[in-house]
Amino acid sequence: MKKLFAVLGDPIGHSMSPIMLNDILSFYEIDAHYHPFLVRRDELETAVKGLKAIGISGFNITIPHKSTIIPFLDEIDELALSIGAVNTVVNENGKFVGYNTDGYGFIKGLNPYMSSFYDKKVLVIGAGGAARAIYFTMAKMKPLAIDIANRTVLKAQELIESCPYESNSKALSLEEAELYLNEYDVVIQTTMIGMYPKISEMPISLKLLKSQSLVCDIIYNPLETQFLMEARQKGATVQNGIEMFVYQGALAFEKWTGIFPDVKRMRENVLQQLGGVKC
Ligand code: NAP
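Below, the structure is looked at part by part. Positions within a chain are numbered from 1, following the residues in the order the chain's sequence is written. In keeping with the model being predicted, local features are shown solely for residues with a pLDDT of at least 70 and side-chain atom pairs are shown and tallied solely at 80 or more, while totals for entire chains, interfaces and linings include all residues. As a rule here, side-chain values cover all heavy atoms of the structure and leave hydrogens and water aside.

1. A word on the overall build of the protein
Counted only if it meets this: Working definition: helices are DSSP H or I runs of at least four residues, strands are E runs of at least two. Numbering for both runs from the N terminus. The quantity called the radius of gyration is restricted to C-alpha atoms. Its globule counterpart is 2.2 Å times the number of residues to the power 0.38. For the exposure calls, accessible area comes from a 1.4 Å probe over protein chains only, and a residue counts as buried if that area is under 20% of its type's maximum, exposed if over 50%, partly exposed in between. Note on contacts: a residue pair is in contact if any heavy atoms of the two residues lie within 4.5 Å. Surface accessibility in these figures is a Shrake-Rupley result with a 1.4 Å probe; residues are shielded only by whichever protein chains are displayed.
A count of helices and strands for the protein gives 10 helices and 12 strands. In summary, the protein has a C-alpha radius of gyration of 19 Å against a globular reference of 19 Å for 279 residues, a match within 12%. Along the three orthogonal principal directions, the C-alpha set of the protein runs to about 60 × 40 × 35 Å. With 279 residues in all, the protein has 49% of them scored as buried. Within the protein, residue pairs in contact and separated by at least 24 positions form 67% of the contacts whose partners lie at least 6 positions apart. Element-wise, carbon and sulfur atoms account for 52% of the exposed surface of the protein, whose accessible area totals about 13,000 Å².

2. Comments concerning helix α9 (residues 242-257)
Residue pairs spaced three or four apart in an α-helix point in one direction, given the helix's 3.6 residues per turn. Inclusion rule: Here a helix's expected span is defined as the number of its residues, less one, multiplied by 1.5 Å.
Counted at 1.5 Å a residue, the expected span for α9 with its 16 residues is 22 Å, and the 22 Å between its end C-alpha atoms agrees. With respect to burial, α9 is a largely interior element, 13 of its 16 residues being buried. Phi turns positive, to about 80 degrees, at Gly258, one or two residues after α9.

3. Focus on the sheet that holds strand β7 (residues 121-125)
Applied cut-off: Only strands joined by at least two bridges in the DSSP assignment are considered to pair. All axes are obtained by fitting lines to C-alpha atoms, using only the stretch in contact for helices, and the reported angles, taken between N-to-C directions, cover 0 to 180 degrees.
Judged by pairing direction, the sheet is parallel, and its 6 strands sit side by side in the order β9-β8-β7-β10-β11-β12 without closing on themselves. Edge positions in the sheet fall to β9 (171-172) and β12 (237-239), since each of these pairs with one other strand and no more. Pairing analysis gives 3 bridges linking strand β11 (residues 214-217) to β12, with the strands arranged parallel. Note that in β12 the partner of Val215 across the bridge is Val238. Relative to strand β8 (residues 145-149), helix α5 (residues 129-140) is tilted by about 165 degrees, and along the sheet it contacts β7, β8 and β10 (186-189).

4. A short note on the packing of helix α1 (residues 17-27) against α9
Stated precisely, the cut-off is as follows: Between 65 and 115 degrees an angle is taken as roughly perpendicular, under 35 as roughly parallel, over 145 as roughly antiparallel, and anywhere else as oblique. Crossing handedness is read from the near helix: turned anticlockwise from the far helix by less than a right angle, it gives a left-handed crossing, and turned clockwise, a right-handed one. For this classification, Asp, Glu, Lys and Arg are treated as charged, while Ala, Val, Leu, Ile, Met, Phe, Trp, Tyr, Cys and Pro are nonpolar and the rest, including Gly, are polar.
Closest axis-to-axis distance for the α1/α9 pair is 11 Å, and the angle between their directions is 50 degrees. As far as their axial angle goes, α9 and α1 are oblique. Our pair here, α1 against α9, has a crossing hand that is right-handed. Contact residues: Ser17, Met20, Leu21, Ile24 and Leu25 in α1; Phe245, Val246, Gly249, Phe253 and Trp256 in α9. Its residues placed into classes, the contact of α1 with α9 shows 8 nonpolar, 2 polar and no charged.

5. Remarks on the nonpolar core
The condition that has to hold: Nine residue types can take part in a nonpolar core, namely buried Ala, Val, Leu, Ile, Met, Phe, Trp, Tyr and Cys, and a core is a set of them joined through side-chain atoms within 4.5 Å. For every domain, the bounds stem from an assignment made automatically or drawn from a database.
Membership of the largest hydrophobic core comes to 32 residues, with the highest contact counts inside it found for Phe106, Tyr135, Met138, Ile148 and Ile188. When contributions to this core are tallied by element, the ones reaching two or more residues are α3 (78-83), α4 (102-110), β7, α5, β8, α6 (153-162), β10 and β11. Here the element with the most residues in this core is α5; it accounts for 7 residues. Taken domain by domain, the makeup of this core includes at least three residues from each of domain 1 (3-100 + 243-274) and domain 2 (104-239). Look past the residues within four positions of Phe106 in its chain and what remains in contact with it is Ile134, Met138, Ile188, Cys216, Ile218 and Met244. Core analysis: the second largest hydrophobic core is formed by 25 residues, Phe5, Leu21, Phe245 and Trp256 among them.

6. Focus on the pairing of β10
The two faces of β10 match: Val186 and Ile188 on one face and Val187 and Gln189 on the other face are all buried. As defined by bridge partners, β7 adjoins β10 across 4 bridges and the pair is classed as parallel. Bridge pairing links Val124 to Ile188 in β10. In this structure, β10 lies alongside β11, joined through 4 bridges in parallel fashion. By the bridge assignment, Gln189 is partnered in β11 with Asp217.

Everything listed is a geometric property; what it means functionally is a separate question.
Here's what the structure looks like:
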(Lines give C-alpha, C1' and ligand atoms only; values in the text may rest on other atoms or scores of the structure.)
Protein backbone atom coordinates (compact mmCIF):
# COMPACT_ATOMS: atom_id res chain seq x y z
CA MET A 1 0.00 0.00 0.00
CA LYS A 2 1.21 3.51 -0.82
CA LYS A 3 2.72 5.22 2.25
CA LEU A 4 1.76 8.73 3.27
CA PHE A 5 4.08 11.47 4.55
CA ALA A 6 3.03 15.06 5.23
CA VAL A 7 3.86 18.52 6.47
CA LEU A 8 1.49 20.39 8.80
CA GLY A 9 1.58 24.16 9.11
CA ASP A 10 -0.28 27.43 8.74
CA PRO A 11 0.41 28.91 6.23
CA ILE A 12 1.60 25.94 4.19
CA GLY A 13 1.13 26.91 0.54
CA HIS A 14 4.65 28.38 0.29
CA SER A 15 6.39 25.22 1.62
CA MET A 16 9.08 23.84 -0.68
CA SER A 17 9.11 20.49 1.14
CA PRO A 18 6.36 18.71 -0.87
CA ILE A 19 8.06 19.13 -4.25
CA MET A 20 11.51 18.39 -2.79
CA LEU A 21 10.39 15.27 -0.89
CA ASN A 22 8.05 13.86 -3.55
CA ASP A 23 10.90 14.10 -6.03
CA ILE A 24 13.30 12.27 -3.74
CA LEU A 25 10.70 9.60 -2.84
CA SER A 26 10.18 8.82 -6.51
CA PHE A 27 13.95 8.97 -7.17
CA TYR A 28 14.38 6.09 -4.68
CA GLU A 29 11.28 4.35 -6.10
CA ILE A 30 9.50 4.46 -2.74
CA ASP A 31 5.77 4.02 -3.20
CA ALA A 32 4.72 7.03 -1.12
CA HIS A 33 3.29 10.52 -1.32
CA TYR A 34 4.21 13.64 0.75
CA HIS A 35 1.30 16.02 1.19
CA PRO A 36 1.02 19.56 2.66
CA PHE A 37 -1.86 20.02 5.12
CA LEU A 38 -3.08 23.42 6.29
CA VAL A 39 -3.78 22.93 10.01
CA ARG A 40 -5.08 25.79 12.15
CA ARG A 41 -3.79 26.16 15.71
CA ASP A 42 -7.01 24.95 17.34
CA GLU A 43 -7.20 21.92 15.04
CA LEU A 44 -3.73 20.50 15.68
CA GLU A 45 -4.75 17.84 18.18
CA THR A 46 -7.57 16.61 15.93
CA ALA A 47 -5.21 16.58 12.95
CA VAL A 48 -2.62 14.49 14.83
CA LYS A 49 -5.30 12.01 15.96
CA GLY A 50 -6.54 11.77 12.36
CA LEU A 51 -3.04 11.09 11.05
CA LYS A 52 -2.62 8.35 13.63
CA ALA A 53 -5.98 6.80 12.72
CA ILE A 54 -5.00 6.55 9.07
CA GLY A 55 -1.53 5.18 9.93
CA ILE A 56 0.61 7.91 8.38
CA SER A 57 4.28 6.86 8.18
CA GLY A 58 5.72 10.21 9.23
CA PHE A 59 5.33 13.97 8.96
CA ASN A 60 7.02 17.33 9.31
CA ILE A 61 5.79 20.20 11.45
CA THR A 62 6.32 23.81 10.56
CA ILE A 63 5.25 27.24 11.84
CA PRO A 64 3.29 27.69 14.12
CA HIS A 65 3.11 24.11 15.48
CA LYS A 66 6.71 23.13 16.24
CA SER A 67 6.29 23.55 20.02
CA THR A 68 2.55 23.07 20.47
CA ILE A 69 2.65 19.59 18.92
CA ILE A 70 4.71 18.19 21.81
CA PRO A 71 1.79 17.21 24.12
CA PHE A 72 0.11 15.31 21.26
CA LEU A 73 3.06 12.98 20.59
CA ASP A 74 3.83 9.68 22.34
CA GLU A 75 7.59 10.18 22.75
CA ILE A 76 10.04 13.02 22.18
CA ASP A 77 13.72 12.54 21.54
CA GLU A 78 16.01 14.13 24.16
CA LEU A 79 17.40 16.92 21.96
CA ALA A 80 13.97 17.91 20.59
CA LEU A 81 12.59 17.95 24.12
CA SER A 82 15.35 20.22 25.37
CA ILE A 83 14.95 22.53 22.35
CA GLY A 84 11.21 22.47 22.99
CA ALA A 85 10.39 22.05 19.30
CA VAL A 86 9.73 19.15 16.93
CA ASN A 87 10.00 19.37 13.15
CA THR A 88 9.88 15.65 12.29
CA VAL A 89 7.58 12.89 13.53
CA VAL A 90 8.15 9.20 12.85
CA ASN A 91 5.45 6.56 13.24
CA GLU A 92 7.39 3.89 15.14
CA ASN A 93 5.07 0.85 15.40
CA GLY A 94 2.02 3.01 16.01
CA LYS A 95 3.78 5.47 18.33
CA PHE A 96 4.37 9.04 17.16
CA VAL A 97 7.96 9.96 18.07
CA GLY A 98 9.12 13.59 17.70
CA TYR A 99 12.59 14.73 16.60
CA ASN A 100 14.24 18.02 15.71
CA THR A 101 16.46 17.87 12.62
CA ASP A 102 16.88 21.66 12.21
CA GLY A 103 20.07 21.97 14.30
CA TYR A 104 21.75 18.86 12.87
CA GLY A 105 20.61 19.94 9.42
CA PHE A 106 22.41 23.23 9.90
CA ILE A 107 25.57 21.55 11.21
CA LYS A 108 25.62 18.88 8.48
CA GLY A 109 25.38 21.67 5.93
CA LEU A 110 28.61 23.13 7.37
CA ASN A 111 30.56 19.86 6.92
CA PRO A 112 32.30 20.87 3.69
CA TYR A 113 33.87 23.80 5.58
CA MET A 114 34.01 22.68 9.18
CA SER A 115 33.23 19.43 10.96
CA SER A 116 34.57 20.12 14.43
CA PHE A 117 34.24 23.21 16.57
CA TYR A 118 36.44 22.46 19.59
CA ASP A 119 38.85 25.33 18.73
CA LYS A 120 36.24 27.69 17.27
CA LYS A 121 34.52 30.73 18.73
CA VAL A 122 30.98 30.91 17.43
CA LEU A 123 28.56 33.84 17.42
CA VAL A 124 24.84 33.22 16.92
CA ILE A 125 22.84 36.33 16.05
CA GLY A 126 19.22 35.97 17.14
CA ALA A 127 17.54 34.00 19.92
CA GLY A 128 14.35 32.74 18.28
CA GLY A 129 13.25 29.21 17.41
CA ALA A 130 15.87 28.56 14.73
CA ALA A 131 18.67 29.95 16.93
CA ARG A 132 17.55 27.67 19.73
CA ALA A 133 17.79 24.53 17.57
CA ILE A 134 21.21 25.58 16.25
CA TYR A 135 22.58 26.69 19.62
CA PHE A 136 21.51 23.54 21.50
CA THR A 137 22.81 21.21 18.80
CA MET A 138 26.08 23.09 18.53
CA ALA A 139 26.52 23.31 22.31
CA LYS A 140 26.46 19.48 22.30
CA MET A 141 29.51 19.61 20.01
CA LYS A 142 31.49 21.67 22.55
CA PRO A 143 32.88 24.64 20.64
CA LEU A 144 35.53 26.75 22.38
CA ALA A 145 32.82 29.37 22.94
CA ILE A 146 29.34 29.99 21.60
CA ASP A 147 27.86 33.42 22.30
CA ILE A 148 24.41 34.72 21.43
CA ALA A 149 23.66 38.29 20.40
CA ASN A 150 20.06 39.42 20.29
CA ARG A 151 18.01 42.61 20.11
CA THR A 152 16.39 41.48 23.37
CA VAL A 153 19.44 40.43 25.40
CA LEU A 154 17.29 38.85 28.09
CA LYS A 155 16.01 36.30 25.55
CA ALA A 156 19.60 35.38 24.66
CA GLN A 157 20.38 34.96 28.37
CA GLU A 158 17.30 32.78 28.89
CA LEU A 159 18.26 30.64 25.90
CA ILE A 160 21.74 30.03 27.31
CA GLU A 161 20.36 29.22 30.77
CA SER A 162 17.80 26.76 29.39
CA CYS A 163 20.40 24.72 27.51
CA PRO A 164 21.08 21.35 29.21
CA TYR A 165 24.51 21.02 27.55
CA GLU A 166 27.36 22.80 29.28
CA SER A 167 28.85 25.56 27.14
CA ASN A 168 31.09 28.58 27.37
CA SER A 169 28.51 31.23 26.41
CA LYS A 170 27.70 34.90 26.91
CA ALA A 171 24.58 36.85 26.00
CA LEU A 172 25.41 40.02 24.08
CA SER A 173 23.59 43.03 22.70
CA LEU A 174 23.80 43.55 18.93
CA GLU A 175 26.10 46.53 19.59
CA GLU A 176 28.47 44.37 21.67
CA ALA A 177 28.50 41.75 18.92
CA GLU A 178 29.60 44.41 16.42
CA LEU A 179 32.35 45.52 18.75
CA TYR A 180 33.79 42.03 19.46
CA LEU A 181 33.18 40.60 15.99
CA ASN A 182 36.85 40.02 15.20
CA GLU A 183 36.99 37.37 17.97
CA TYR A 184 34.68 34.94 16.13
CA ASP A 185 35.60 32.15 13.69
CA VAL A 186 31.98 31.34 12.84
CA VAL A 187 29.08 33.83 12.67
CA ILE A 188 25.53 32.51 12.25
CA GLN A 189 22.75 34.96 11.38
CA THR A 190 19.37 33.53 12.43
CA THR A 191 17.05 36.57 12.55
CA MET A 192 14.70 37.49 9.68
CA ILE A 193 16.60 40.73 9.11
CA GLY A 194 17.50 40.95 5.42
CA MET A 195 14.76 38.60 4.25
CA TYR A 196 12.72 39.54 1.17
CA PRO A 197 11.31 42.22 0.73
CA LYS A 198 13.53 44.19 3.18
CA ILE A 199 16.68 42.97 1.52
CA SER A 200 18.99 45.88 2.33
CA GLU A 201 18.73 45.43 6.13
CA MET A 202 21.48 43.91 8.29
CA PRO A 203 21.24 42.85 11.96
CA ILE A 204 24.76 44.11 12.76
CA SER A 205 27.57 45.87 10.94
CA LEU A 206 30.37 43.60 9.69
CA LYS A 207 33.07 46.26 9.87
CA LEU A 208 35.20 44.22 12.30
CA LEU A 209 34.63 40.77 10.75
CA LYS A 210 37.71 38.52 10.48
CA SER A 211 38.38 37.78 6.82
CA GLN A 212 39.10 34.07 7.59
CA SER A 213 35.72 33.56 9.25
CA LEU A 214 32.83 31.37 8.14
CA VAL A 215 29.60 33.38 7.92
CA CYS A 216 26.19 31.73 7.59
CA ASP A 217 22.79 33.28 7.09
CA ILE A 218 19.89 30.85 7.46
CA ILE A 219 17.70 33.02 5.21
CA TYR A 220 17.33 31.67 1.65
CA ASN A 221 15.21 34.39 0.09
CA PRO A 222 17.23 36.19 -1.16
CA LEU A 223 19.88 33.54 -1.73
CA GLU A 224 22.52 36.09 -0.86
CA THR A 225 21.44 38.54 1.84
CA GLN A 226 23.15 41.90 2.25
CA PHE A 227 24.82 40.34 5.32
CA LEU A 228 26.31 37.49 3.27
CA MET A 229 27.29 39.79 0.43
CA GLU A 230 29.24 42.08 2.76
CA ALA A 231 30.84 39.09 4.51
CA ARG A 232 31.89 37.65 1.13
CA GLN A 233 33.32 41.01 0.09
CA LYS A 234 35.40 41.00 3.27
CA GLY A 235 36.91 37.64 2.25
CA ALA A 236 34.85 35.39 4.52
CA THR A 237 33.55 31.98 3.44
CA VAL A 238 29.77 32.27 3.25
CA GLN A 239 26.80 29.93 3.31
CA ASN A 240 23.09 30.67 2.83
CA GLY A 241 20.01 28.99 4.35
CA ILE A 242 19.51 26.46 1.54
CA GLU A 243 21.89 23.96 3.14
CA MET A 244 20.04 23.96 6.47
CA PHE A 245 16.71 23.56 4.70
CA VAL A 246 17.93 20.72 2.49
CA TYR A 247 19.74 18.85 5.27
CA GLN A 248 16.89 19.09 7.79
CA GLY A 249 14.71 17.51 5.07
CA ALA A 250 17.36 14.90 4.26
CA LEU A 251 17.64 13.90 7.93
CA ALA A 252 13.83 13.61 8.21
CA PHE A 253 13.82 11.45 5.06
CA GLU A 254 16.53 9.24 6.57
CA LYS A 255 14.49 8.79 9.77
CA TRP A 256 11.44 7.73 7.73
CA THR A 257 13.11 5.48 5.16
CA GLY A 258 16.57 4.54 6.47
CA ILE A 259 18.11 6.11 3.35
CA PHE A 260 20.28 9.22 3.54
CA PRO A 261 19.21 10.86 0.29
CA ASP A 262 21.01 12.58 -2.58
CA VAL A 263 21.27 16.12 -1.15
CA LYS A 264 22.67 17.48 -4.40
CA ARG A 265 19.45 16.52 -6.14
CA MET A 266 17.40 18.04 -3.30
CA ARG A 267 19.39 21.28 -3.41
CA GLU A 268 18.89 21.59 -7.17
CA ASN A 269 15.18 21.00 -6.70
CA VAL A 270 14.92 23.77 -4.07
CA LEU A 271 16.94 26.20 -6.20
CA GLN A 272 14.61 25.47 -9.09
CA GLN A 273 11.61 26.23 -6.88
CA LEU A 274 13.22 29.44 -5.67
CA GLY A 275 13.65 30.45 -9.30
CA GLY A 276 9.95 31.19 -9.15
CA VAL A 277 10.28 33.76 -6.34
CA LYS A 278 12.11 37.07 -6.24
CA CYS A 279 15.69 36.34 -5.19
P1 NAP B 1 11.63 33.75 15.60
O2 NAP B 1 11.54 32.62 16.54
O3 NAP B 1 10.45 34.65 15.44
O4 NAP B 1 12.91 34.64 16.04
C5 NAP B 1 13.16 35.87 15.42
C6 NAP B 1 14.50 36.45 15.84
O7 NAP B 1 14.73 37.63 15.04
C8 NAP B 1 14.58 36.91 17.30
O9 NAP B 1 15.90 36.75 17.76
C10 NAP B 1 14.23 38.39 17.18
O11 NAP B 1 14.77 39.19 18.23
C12 NAP B 1 14.94 38.75 15.91
N13 NAP B 1 14.36 39.95 15.29
C14 NAP B 1 13.15 40.08 14.73
N15 NAP B 1 12.96 41.33 14.26
C16 NAP B 1 14.11 42.00 14.56
C17 NAP B 1 14.55 43.35 14.34
N18 NAP B 1 13.79 44.25 13.71
N19 NAP B 1 15.80 43.69 14.75
C20 NAP B 1 16.61 42.79 15.38
N21 NAP B 1 16.24 41.51 15.62
C22 NAP B 1 15.01 41.13 15.22
O23 NAP B 1 11.98 33.24 14.12
P24 NAP B 1 12.70 31.86 13.68
O25 NAP B 1 11.68 30.80 13.55
O26 NAP B 1 13.88 31.65 14.56
O27 NAP B 1 13.16 32.22 12.18
C28 NAP B 1 14.14 33.21 11.95
C29 NAP B 1 14.59 33.20 10.49
O30 NAP B 1 15.18 31.94 10.19
C31 NAP B 1 13.48 33.40 9.46
O32 NAP B 1 13.97 34.24 8.46
C33 NAP B 1 13.23 32.00 8.91
O34 NAP B 1 12.76 32.03 7.57
C35 NAP B 1 14.64 31.43 8.96
N36 NAP B 1 14.67 29.94 9.05
C37 NAP B 1 15.37 29.26 8.11
C38 NAP B 1 15.43 27.88 8.19
C39 NAP B 1 16.18 27.11 7.13
O40 NAP B 1 15.98 25.89 7.01
N41 NAP B 1 17.07 27.73 6.39
C42 NAP B 1 14.78 27.18 9.23
C43 NAP B 1 14.10 27.92 10.20
C44 NAP B 1 14.04 29.32 10.11
P45 NAP B 1 13.92 39.47 19.60
O46 NAP B 1 14.11 38.27 20.45
O47 NAP B 1 14.53 40.70 20.14
O48 NAP B 1 12.49 39.66 19.17
